[in-house]
Amino acid sequence: MKIIETNALTRRFGDLIACDNLSIAVEQGEIFGLLGPNGAGKTTAIKMLTTLLPPTSGNASVAGYDIVHQASAVRRVIGYVPQMLSADGTLTGYENLLIFAKLYDIPRRERNKRIHDVMSFMDLADDANRLVRTYSGGMIRRLEIAQSMMHRPRVLFLDEPTIGLDPLARRAVGDLITDLRDNYDATIFMTTHLMEEADLLCGRVAIMHRGKVAALGSPSELKSAIGKEGATLEDVFVHFAGSEIEAEGDGRDYRETQQTRRTARRLG
Amino acid sequence: MKSVIIGTVSFIRKSLVIVELEIRKMRHDPTELLMRAVQPVLWLLLFGEVFAQTRAIPTGNLSYLDFLAPGILAQSVLFIAIFGGMSVIWERDLGIIHKFLASPTPRGALALGKSMSGGARALTQAAVVYILALLIGVKMNWNPLALLGVIFTVVLAATLFSAFSLIIAFLVRTRERFMGIGQVLTMPFFFASNAIYPISIMPPWLQAVAHGNPLTYEVDALRALMLENGTSVYGLGVDFTVLILCTAVLITICTYLYPRAAT
Ligand SMILES: Nc1ncnc2c1ncn2[C@@H]1O[C@H](COP(=O)(O)OP(=O)(O)OP(=O)(O)O)[C@@H](O)[C@H]1O
Ligand SMILES: [Mg+2]
């Protein structure tokens, strides 16, 4: 079953076409990776699929629901971790999860158990009652992932879930993603700048470049497609997006840079 | 019919979750509320005491301090509500708002919950004004129903002005611009109202403005409910009707603007 389907999904910002006629289909239970240089349009695509940003043209469905006309049905079945570190620093870790448990209608009887389970799973149980602003960047990320999976979403959108994580935490998140797929039949739609990670986790990847999909397939298919002996996914990335990587500077506007800086600052 | 009831209950419950969220934040960091409480103290103690001496302002059967106390309560509600909206600019910049918008929380519940949480913050200011009013000898009405009426008025007005503030925040989109505009907007609300002088002493054009200002109706209701000898000029029915209608309109606008914050 195709759990995500996009049809010429397009989003413009003024003259810029951030996401240009995106047409992809993701199968239920897949771990799908969206790769591409900064400014390629990955976050824009995810924001449209999570109903945050209306498309300029084209359409898409998630779990069979149209992202524009059945947006609230989509929201019930998805989980989302934004690119920016966005847990609320003025609340404790537990409170962050509690609020979302309530917003997602997790029954009162189960609430504390679910919160406790995800927090232990993400190795945060001891820090549950500390204010999040005293967490490290990696702890915040783990908290956010815990929050996004608490209601057992059918599709999980992770925008650079391992940004700022140390290798151990990254491995834990990788295991978690695989575990969610294996045990809950969740579909994962993620972006990352780490090619090894994509290679390891993703069944298929799409390489986006300037709003368009430049290549799509399993990592091994793509590696053999570029006709280079012993190619890595990084070679594939460079092959499809690298030629113009220098010119990419202008696509990354001030706002983007500012966000990256802010993230860097929060990551301390 | 049943689904309408379930929907409404769920809507209110979700709004209250947002209020709970804001109250939890307030508990972790009450400093802002304490800072804000300085302003009504200064107004009542300095401005109030001086103007009470001059007897220049006709306040009927009320002493000037009695007359002023509800006006200053309304003012502190206004300020705390107007500057509360700035938090959504923060939350948008940090991406917090995106997670709420991607959750199954109705947009209206986000708008209403955020606005009503201004009410929770405003109640802390009401407590400060009450203590102070007691200390400086304002003749207060301690009837429990009247107190409930004051609480209702404060929460309603704070919801109204918070919704207004959220709308401004969504439109101006940066903290710097918001700070500037926030200052510019609070002053006219405050001075073009009956908060510190009766409308009757204003020039006619300003009287017209004051009659279109929701703060006037808030102050009118507070004067009737808070003071032992207080009376309402327009009647509580008119006051609450105006406040509720304005709140409904502003929350509706806010509901439409909320999702734009994530784009
Ligand atoms: N709200 C916006 N207004 C104007 N332009 C925008 C907006 N959001 C994104 N863009 C532009 O759209 C393009 C794609 O941005 P997007 O954030 O989707 O890239 P990305 O692939 O996620 O990049 P990164 O790897 O840096 O996160 C960029 O050129 C960006 O400047
Ligand atoms: Mg991005």
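Whatever comes next refers back to the structure up there.
Residues numbered from 1 in each chain as written. Chains lettered and ligands numbered in written order. Predicted model: local features only at pLDDT ≥ 70, side-chain atom pairs only at ≥ 80, totals over all residues. Heavy atoms only, no water.

A few words on the overall build of chain B. Helix and strand content of chain B: twelve helices and zero strands. Taken from the N to the C terminus, the helices and strands of chain B come in the order α-α-α-α-α-α-α-α-α-α-α-α. In summary, chain B has a C-alpha radius of gyration of 19 Å against a globular reference of 18 Å for 263 residues, a match within 12%. If you line up chain B on its principal axes, its C-alpha atoms span 55 × 45 × 40 Å. Considering chain B as a whole, with its 263 residues, one finds that 56% of them fall into the buried category. Contacts in chain B between residues at least 24 apart in sequence constitute 78% of all its contacts with a sequence separation of at least 6. Summing over all exposed atoms, chain B offers an accessible surface of approximately 11100 Å²; the carbon and sulfur share of this is 73%. Each charge class in chain B was averaged separately, 19 positive and 13 negative side chains, and the resulting centres sit 11 Å apart. (Helix = DSSP H or I, 4+ residues; strand = E, 2+ residues; numbered from the N terminus. Rg over C-alpha atoms; globule rule 2.2 N^0.38 Å. Buried < 20%, exposed > 50% of the residue type's maximum accessible area, 1.4 Å probe, protein only. Contact = heavy atoms within 4.5 Å. Areas by Shrake-Rupley, 256 points an atom, 1.4 Å probe, with all protein chains shown as cover. Lys, Arg positive; Asp, Glu negative; His and termini not counted. Charge placed at Lys NZ, Arg CZ, Asp CG, Glu CD.)

Glancing now at the overall build of chain A. Helices and strands together make up the secondary structure of chain A, namely ten helices and eleven strands. Against the 2.2 N^0.38 benchmark of 18 Å for 268 residues, chain A shows a C-alpha radius of gyration of 18 Å, consistent with a compact globule. Expressed as lengths along the three principal axes of its C-alpha atoms, the size of chain A is roughly 55 × 40 × 35 Å. Looking at chain A as a whole, 56% of its 268 residues are labelled buried. Roughly 11800 Å² of accessible area belongs to chain A as shown, and the carbon and sulfur atoms make up 48% of that amount. The centroid of the 33 positive side-chain charges in chain A is displaced by 7 Å from the centroid of its 35 negative side-chain charges.

Moving on, we come to the coordination of the magnesium ion (ligand 2). All names here are of chain A. Taken together, the protein ligands of the magnesium ion (ligand 2) are Thr43 (OG1) and Gln83 (OE1), with distances of 1.9 to 2.1 Å. Placement of threonine 43 in helix 1 (residues 42–49) and of glutamine 83 in the loop between strand 7 (78–81) and helix 3 (93–103) is noted, with a sequence separation of 40 residues between them. Taking the relative accessible area as the measure of exposure, threonine 43 reaches 23% and is therefore partly exposed. By relative accessible area, which is 22% here, glutamine 83 ends up partly exposed. (Donors = N, O, S within 2.8 Å, 3.2 Å for Na, K, Ca; no water.)

With 171 residues, the main nonpolar core has Phe157(A) and Phe189(A) as its most contacted residues. Each residue touching Phe157(A), except ones within four places of it in the same chain, is listed here: Ile4(A), Ile46(A), Leu49(A), Thr50(A), Val62(A), Ile78(A), Gly79(A), Tyr80(A), Val81(A) and Phe189(A). (Core = buried A, V, L, I, M, F, W, Y, C linked by side-chain atoms within 4.5 Å.)

This part covers the interface of chain A and chain B. Contacts between the two partners involve 33 residues from chain A and, on the opposite side, 26 residues from chain B. Across the chain A/chain B interface, buried area totals approximately 2700 Å², and carbon plus sulfur atoms make up 63% of it. Ranking the residues of chain A by area buried against chain B places Leu52(A), Arg75(A) and Leu103(A) at the top, with a combined share of 22%. Between chain A and chain B we count six salt bridges in total. In this structure, Lys25(B) and Asp88(A) form a salt bridge, with 3.0 Å as the shortest nitrogen-oxygen distance. (Buried area = accessible area lost by both parts, 1.4 Å probe. Salt bridge = Lys/Arg side-chain N within 4 Å of Asp/Glu carboxyl O.)

Whether parallel or antiparallel, the strands of a sheet pair through hydrogen bonds between backbone atoms. Residue and element names in this part refer to chain A. Taken in spatial order, the six strands make up an open sheet running 7-8-9-4-10-11, and their pairing is mixed. Both edges of this open sheet fall to strand 7 and strand 11 (212–217), since each of them pairs with a single strand only. Neighbour to neighbour, the strand axes of the sheet diverge by 15 degrees on average, direction disregarded. Here five bridges tie strand 10 (residues 204–209) to strand 11, and the two strands are oriented antiparallel to one another. (Pairing = 2+ DSSP bridges. Axes fitted to C-alpha atoms, helices over the stretch in contact; angles between N-to-C directions.)

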